[in-house]
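Topology and contacts: notes
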Amino acid sequence: MSTKDTSNLPTWDLSDLYAGIDDPKLEADLDGLVDQAVAFEKKYKGRISREDVTAELLCTALEDYEVLLKAQYKPGAFANLLFSTDTIDSQRGALLQRTREVGSAASTHLIFFDLEIGEMPQETFDRVIGDPQLVPYRHYLEHERVLASHRLSEIEEKILEETANTRGRAFGRLFTEISSRQTFRVDDKELTQSELLALFYDPKRETRKTASAALTNTLKQDAHVLNFILNTLFHEKQIMDGLRNFPSPEADRHLDNEIDEIVVNTVVDVCVSNYGIVADYYHLKRRLLGLDELTHYDRYAPITGEQTKIPFDEAQEIVLDSFGQFSTQLAEMAEPFFSKRWIDAELKAGKQSGAYCAGITPDLHPYVFMNYVGEPRYVMTLAHELGHGIHDVLAGKQNLFNYHPVLPLAETASTFGEMLVFDKLQATLSSSQERLALLCGKIEDTFATVFRQIAMYRFEQRAHRLRREKGEQPAEAYCELWQNTMQEMFGDSLILGDEHKWWWLYIPHIIRTPFYVYAYAFGELLVLSLYAQYQQEGPSFVPRYFDLLSAGSSASPAELVANMGFDITSPDFWQAGCDLIRQEVEEAKKLA
Ligand SMILES: [Zn+2]
């Protein structure tokens with residue numbers, strides 16, 4: 001092993017997008033967006049919804065539309081990437097806002113297009129949709145027809161788009177800015193959120209306890225404004241759902257995800273009925289830690305005292321090697337993320353916490369964002385985000401409409417990437433105690449992805465309904481819901497302390513993407529089954545797996561997964577995934 005140094009972390013080279021924030025090309029691109037949108041509107045408005053529309057005209061329009069959207073996504077993505085590595089620099093915040101404003105101004109001239117797709121008479125649609133030219137756009141067009149019934153008139157849609165940056169989007173940005181500026185006082189130091197959350201993995205209980213108090217203190221200080229943001233966004237969603245005729249708070253997410261409510265409910269029910277696995281594991285963990293009772297700050301406590309820190313270059317080696325063992329093609333696709341600096345892993349104040357991968361358009365490569373602290377689990381995060389990156393690279397052969405995977409499949413390659421890296425990472429650890437610790441870490445991550453996300457989904461369901469039925473709520477009301485909903489998952493194996501009730505205040509998904517979270521559980525359980533199939537089948541699995549990823553969002557999740565031989569409507573399929581988690585817990589019991 002090389003030196004245990006986690007400095008020298010990579011930062012992005014964004015020059016494939018723009019030379020910098022002052023690049024004149026950026027300004028020129030932004031300047032051109034509205035004119036291009038106006039030209040598109042002039043060329044096609046009134047022609048798409050006509051009875052005599054031809055497949056050829058529709059196809060040309062879709063190609064032009066795609067070019068326009070790509071031109072819009074590029075400066076927007078650049079601004080987002082710059083902003084997430086430094087949310088304090090006001091120039092970056094201003095650029096982000098400007099790209100959003102220009103984007104909205106351009107979008108108002110494009111709204112007619114999807115509306116007209118929806119307005120096409122059914123006979124006309126049936127006549128053109130079978131045309132071979134439209135094959136690459138077929139799924140998009142069919143989905144747009146479904147969405148059309150929830151759209152308002154063009155003028156109403158324009159007003160909504162034009163005011164979005166001062167409504168929900170603005171509150172979302174405010175949440176990000178507040179969260180990224182938050183500091184947490186531990187002893188005499190002010191820590192960032194990433195640094196603080198890392199302390200929950202500290203072997204010393206006292207340190208975890210202090211971190212827990214620090215998190216709670218800061219969240220409580222900001223509770224007024226964060227709760228205001230949440231109440232406002234909940235109410236905005238209620239209004240929008242009413243205007244758009246969605247019967248429940250979750251309905252628009254399911255429609256976007258192209259997944260039936262029944263399937264989501266099946267996933268949720270199966271997971272809830274398997275909460276016992278979580279309780280079972282935490283009873284074991286309590287014994288391993290030698291404690292009488294576990295509480296919220298013991299959840300991620302390592303079962304070993306010291307944890308190996310893995311330098312970033314070694315993490316790179318582990319990830320590339322394990323990907324290479326699955327398929328050389330997989331390793332080759334991951335390699336440029338390192339050599340061409342598509343990864344930003346540095347730790348610094350004002351940088352957003354967490355990790356993500358940004359796939360922009362099919363003709364641009366993705367970028368990986370993370371905070372690399374160095375313990376083995378950060379190697380898993382790296383593998384996770386690179387998995388997303390590979391998914392985007394493979395889906396790069398699709399057009400823009402089919403490029404971004406639909407949410408329920410969005411976590412497939414990322415979770416699969418983690419699975420591939422796990423064994424290799426295990427093998428790099430010298431002591432059996434550390435290997436058990438890594439297995440426990442993996443189990444806890446799986447819980448966090450499956451059961452915790454389902455619990456959060458249930459919290460969101462209850463919180464939205466509470467706001468709808470009883471009006472604006474004080475933070476304490478959401479605290480109580482949060483506490484009860486999360487406690488259900490642990491049974492009597494871990495008792496959440498009073499401080500924990502405030503911790504919904506730092507979950508970004510609740511603010512940014514309502515009901516997103518069940519997609520994580522969906523993805524993880526799916527991948528457990530996929531991985532089991534890979535282990536049974538070996539190399540012949542690889543091309544089918546690549547086909548699944550390459551398909552992007554060109555078909556619904558149910559169709560794509562059916563191609564892999566699975567039926568997502570069956571509770572047995574989801575139970576099989578839960579059974580695999582139970583097996584891991586049994587393995588940990590044996591190792592212990
Ligand atoms: Zn992910």
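Please refer to the structure higher up on the page.
Definitions and limits used
Residues numbered from 1 in each chain as written. Predicted model: local features only at pLDDT ≥ 70, side-chain atom pairs only at ≥ 80, totals over all residues. Heavy atoms only, no water. Helix = DSSP H or I, 4+ residues; strand = E, 2+ residues; numbered from the N terminus. Rg over C-alpha atoms; globule rule 2.2 N^0.38 Å. Buried < 20%, exposed > 50% of the residue type's maximum accessible area, 1.4 Å probe, protein only. Core = buried A, V, L, I, M, F, W, Y, C linked by side-chain atoms within 4.5 Å. Contact = heavy atoms within 4.5 Å. Phe/Tyr/Trp six-rings, centres within 6.5 Å; stacked < 30°, edge-to-face > 60°. Lys NZ or Arg CZ within 6 Å of the ring centre and 35° of its normal. Salt bridge = Lys/Arg side-chain N within 4 Å of Asp/Glu carboxyl O.

Right, let's get into the overall build of the protein. Tallying secondary structure elements over the protein gives 27 helices and 5 strands in all. Taking 25 Å as the expected radius of gyration for a compact globule of 592 residues, we find that the protein reaches 24 Å, a close match to that expectation. In terms of overall dimensions, the protein has C-alpha extents of about 75 × 55 × 50 Å along its principal axes. Out of the 592 residues in the protein, the part that is buried amounts to 61%.

Within soluble globular proteins, side chains that are nonpolar tend to cluster in buried spots. Of all hydrophobic cores here, the largest spans 192 residues; its most connected members are F323, F326, Y372, F416, F447 and F451. If one sorts the elements of this core by residue count, helix α2 (residues 55-85) sits on top with 15 residues. Within the second largest apolar cluster, 5 residues are counted, among which are L407, A410, A519 and Y520.

Of all the 10 residues making up helix α25 (residues 541-550), 7 are buried; the element is thus mostly covered by neighbouring parts of the structure. Every buried residue of α25 is listed here: F541, V542, Y545, F546, L548, L549 and S550. Taken together, the buried residues of α25 touch α15 (312-326), α16 (328-339), α17 (376-394), α19 (412-428), α24 (518-537) and α26 (557-563). Just downstream of α25 lies G552, where phi reads positive at about 55°.

A separate point is unusual backbone geometry. You will see that N245, though not glycine, has its phi angle at about 65°, which is positive. As for its position among the elements, N245 is in the loop between α11 (223-243) and α12 (251-256). Classification of N245 as exposed rests on a relative accessible area of 58%. For E258, which is not glycine, the phi torsion reads 55° and is therefore positive. Here E258 lies in the loop between α12 and α13 (261-273).

Across all of its chains, the model carries 48 aromatic pairs by this definition. Measuring from ring centre to ring centre gives 6.2 Å for Y545 and F546, while their planes differ by 35°; the resulting arrangement is tilted. In terms of burial, Y545 and F546 fall into one category: buried. Every member of this aromatic cluster is reached through a ring pair, and the members are F40, Y44, Y65, F112, F113, Y137, Y140 and F401. The ring of Y18 has K74 sitting right over it, with the charged end atom 5.0 Å from the ring centre. Over the ring of Y201 we find R377; its NZ or CZ atom is 3.2 Å from the centre of that ring.

Looking now at the environment of G276. Tracing the chain through its elements places G276 in helix α14 (residues 275-289). Placed 213 residues apart in sequence, G276 and M489 show a C-alpha to C-alpha distance of 7.8 Å.

What the rule picks out here adds up to 35 salt bridges. For D363, the salt bridge is made with K70, and the minimal N-O distance between the two is 3.6 Å. One end of the pair, D363, is in the loop between β4 (356-358) and β5 (367-369); the other, K70, is in helix α2, with 293 residues separating them in the sequence. Residue E586 is joined to K589 by a salt bridge in which the shortest nitrogen-to-oxygen separation is 3.5 Å. Residue E586 and its partner K589 are both found in helix α27 (residues 571-591); the two are separated by 3 residues, about one turn of the helix. A residue is classified by how much of its surface remains accessible, and E586, at 34% relative accessible area, is partly exposed.

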